[in-house]
Amino acid sequence: MNLSTRIGSLVLPNPLIAASGCFGYGVEYSDVVDLSTLGGVAVKGLFLAEREGHPPPRIVETPSGMLNAIGLQGIGVHRFVREKLPELRDRRAIVFVNICGTTIDEYVELARILSDAQGVAALELNISCPNIKEGGITFGCSLTGTHNVVSAVRKVTSLPVIPKLTPNVTDVASFARAAEDAGADAVSLVNTFLAMALDVETRRPKLSNIVGGLSGPAIRPIAVRMVYECRRVVKLPIIGMGGIATAADVLEFMIAGANDVQVGTANFVDPFIWRTLLAGLEDYMTRHRIVKLSEIIGTIDTTQREQAWISS
Ligand SMILES: Cc1cc2nc3c(=O)[nH]c(=O)nc-3n(C[C@H](O)[C@H](O)[C@H](O)COP(=O)(O)O)c2cc1C
């Protein structure tokens, strides 16, 4: 069975990538998950400098989902290269570094530093974090901003450039097209949905930041729809995510048009989810006599269903 997929020249052993912010810097999980068996590891978003993030409470449980406003707490790119990358390299992880900036120059500088570091497979540009005031989503909510940041990074690196799109726009497909026009190698979508929750007894917001990003199964059908819409307008590989918790969910994204997927919130529920997902994909391939998993990408059948009930 062949579960491998491709993003430009990058070959992944399977389509399952750990989503940024939900798998630390990868090394925290290396005792429970063999990192080399994953399609990839997208590490927690990095700025140039270290950041503390927002004060607690930063996480709230919601029906079939989770609301977070971490505020991109992180160790900064220099410490990442010094302290985390060597172990990721030793563990043969395929490392997607998720980068965040407040200016285009910051994204460019991060891309330069990471292109010189050994062991980085791809750059995922976080232009979609919904819960920080400056940077990120400001680029991701503007077609020109998306185009400008992608083309600036494209110029300074030969690593695959993968902007991560926000779902907090009316027409996500136009952002995928802007990314493609600017020279992206793939797009990943979706980041979290801007949301909030209140405690009615105290009338206070449940998050210190008031608003946060919604993830988990609650968002999956919307994310699948967005992947489907993007697949119709771009040729780029698409990395789909949003609420994936079972092998059927992975397949749903792939049939809608995703080449690969990321799994975020479900990893908090079950850190061993990877082997369950892989076993489920293999079982599906056996039952459907599929030799190469990538054959199913974008194979959604939208022809009219036979309306047997009309004649009965
Ligand atoms: C606690 C938490 C932290 C996150 N941090 C980041 C981040 O640093 N960079 C990023 O691009 N996305 C981040 N995300 C978004 C996820 O990578 C993913 O896009 C989103 O959660 C949807 O997938 P899921 O429903 O499988 O979690 C974070 C999500 C959560 C729940």
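Owing to the predicted nature of the structure, the values given are computational and were not obtained by experimental measurement.

1. Describing unusual backbone geometry
Then step 1. A cis amide bond links P56 to the next residue, P57, at an omega of -5°.
Then step 2. Assignment of secondary structure puts P57 in the loop between β4 (40-46) and β5 (59-62).
Then step 3. In this structure, the amide linkage connecting L189 to the following residue, V190, adopts the cis form with an omega of 15°.
Then step 4. Looking at where V190 falls in the secondary structure, it is placed in the loop between β10 (187-189) and β11 (193-195).
Then step 5. A positive phi angle, close to 55°, is found at S64, a residue other than glycine.
Then step 6. With respect to the secondary-structure elements, S64 resides in the loop between β5 and β6 (65-68).
Then step 7. One non-glycine residue, R289, lies in positive phi territory at about 50°.
Then step 8. When you line up the elements, R289 lands in the loop between α9 (273-287) and α10 (308-311).

2. Some thoughts on the pattern of salt bridges
Then step 1. A full pass over the atoms with the stated rule returns 8 salt bridges.
Then step 2. Salt-bridge contacts for D249 lead to R220; the nearest nitrogen and oxygen are separated by 3.2 Å. With D249 in helix α7 (residues 247-256) and R220 in helix α6 (residues 220-233), this residue pair connects regions lying 29 residues apart in the sequence. Across the pair, exposure class does not vary: D249 and R220 are buried alike.
Then step 3. Close ionic contact of R220 with E252 constitutes a salt bridge, the shortest N to O distance being 3.9 Å.

3. With respect to the site of the ligand
Then step 1. Neighbouring the ligand are 24 residues; S20, K164, G216, G243 and T265 lie closest to it.
Then step 2. Between an oxygen atom of the ligand and a main-chain N or O atom of G264, the distance comes to 3.0 Å.
Then step 3. Here the ligand has 610 Å² of accessible area as a free molecule, and 98% of this is covered by the chains.
Then step 4. Where the shell around the ligand is concerned, the elements lending two or more residues are β4 and β6.
Then step 5. Split into classes, the residues belonging to the shell around the ligand amount to 8 nonpolar, 14 polar and 2 charged.

4. Concerning the sheet that holds strand β14 (residues 212-215)
Then step 1. Taking strand neighbours across the sheet as the criterion, the 4 strands line up as β5-β6-β14-β11 in an open arrangement whose pairing is antiparallel. Only two strands of the sheet have a single partner each, and these edge strands are β5 and β11. Averaged over all adjacent pairs, the angle separating strand axes in this sheet is 35°, with direction ignored.
Then step 2. For β5 and β6, the ladder comprises 4 bridges, and the chain directions are antiparallel. In the sheet register, E61 faces β6, and the bridge partner there is M66.

Scoring rules and cut-offs
- Residues numbered from 1 in each chain as written.
- Predicted model: local features only at pLDDT ≥ 70, side-chain atom pairs only at ≥ 80, totals over all residues.
- Heavy atoms only, no water.
- Helix = DSSP H or I, 4+ residues; strand = E, 2+ residues; numbered from the N terminus.
- Salt bridge = Lys/Arg side-chain N within 4 Å of Asp/Glu carboxyl O.
- Buried < 20%, exposed > 50% of the residue type's maximum accessible area, 1.4 Å probe, protein only.
- Near = heavy atom within 4 Å.
- Polar contact = N/O pair within 3.5 Å; in protein donor to acceptor, adjacent residues only side chain to side chain.
- Areas by Shrake-Rupley, 256 points an atom, 1.4 Å probe, with all protein chains shown as cover.
- Nonpolar A, V, L, I, M, F, W, Y, C, P; charged D, E, K, R; others polar.
- Pairing = 2+ DSSP bridges.
- Axes fitted to C-alpha atoms, helices over the stretch in contact; angles between N-to-C directions.

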